[in-house]
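So you can see what is in the structure, the chains are spelled out below.
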Amino acid sequence: MAMYGTIARMRVKSGHTQQLQALNDEWAQGRGRQVDGFVASYVLRPDERPDELILVAIFRDRDSYRASASDPEQDRWYRQMREHLETDPEWTDGELVSTSTGAGD
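What counts, and where the lines are drawn
Residues numbered from 1 in each chain as written. Predicted model: local features only at pLDDT ≥ 70, side-chain atom pairs only at ≥ 80, totals over all residues. Heavy atoms only, no water. Core = buried A, V, L, I, M, F, W, Y, C linked by side-chain atoms within 4.5 Å. Buried < 20%, exposed > 50% of the residue type's maximum accessible area, 1.4 Å probe, protein only. Helix = DSSP H or I, 4+ residues; strand = E, 2+ residues; numbered from the N terminus. Contact = heavy atoms within 4.5 Å. Pairing = 2+ DSSP bridges. Axes fitted to C-alpha atoms, helices over the stretch in contact; angles between N-to-C directions.

### Considering the nonpolar core
Residues M10, L20, M81 and L85 are the most contacted members of the largest nonpolar core, which totals 16 residues. Of all the secondary structure elements, the ones that give two or more residues to this core are β1 (4-11), α1 (17-29), β3 (52-59) and α4 (72-82). Counting residues per element, this core draws most heavily on β3, at four residues. Once you skip the residues sitting within four places of it in the chain, M81 turns out to touch M10, L20, L23, P89 and W91.

So this is what it looks like as structure tokens:
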């Protein structure tokens, strides 16, 4: 089974970037370590759109992603995250078809 993930484009409320980063760090150190099948996440700030963040979350497979996405605890975290955003994120889910780490993969 192939790895699976999601990409979220998020428009952050003015002055809320640090709070959102802290919330993401809290997730990574807490819930992220407990979610079965969670592999990695990345948050990028596009050079040309500094008020936007792009979240990439990777899971072992589609089932582990869906289990996490439907967990009430994940919904609670999402609602906290949403308080720092101007609008709902634009989500794109899909199968990971290629990866490279720069370590000779």
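Read on for the rest.
### Focus: the sheet that holds β1
Pairing is antiparallel across the open sheet formed by four strands, whose spatial order is β2-β3-β1-β4. Both edges of this open sheet fall to β2 (38-44) and β4 (90-95), since each of them pairs with a single strand only. Between one strand axis and the next, the sheet turns through 15 degrees on average, direction left out of account. Here β1 runs beside β3; their pairing, made up of eight bridges, is antiparallel. Considered in β3, the bridge of G5 is made with I58.

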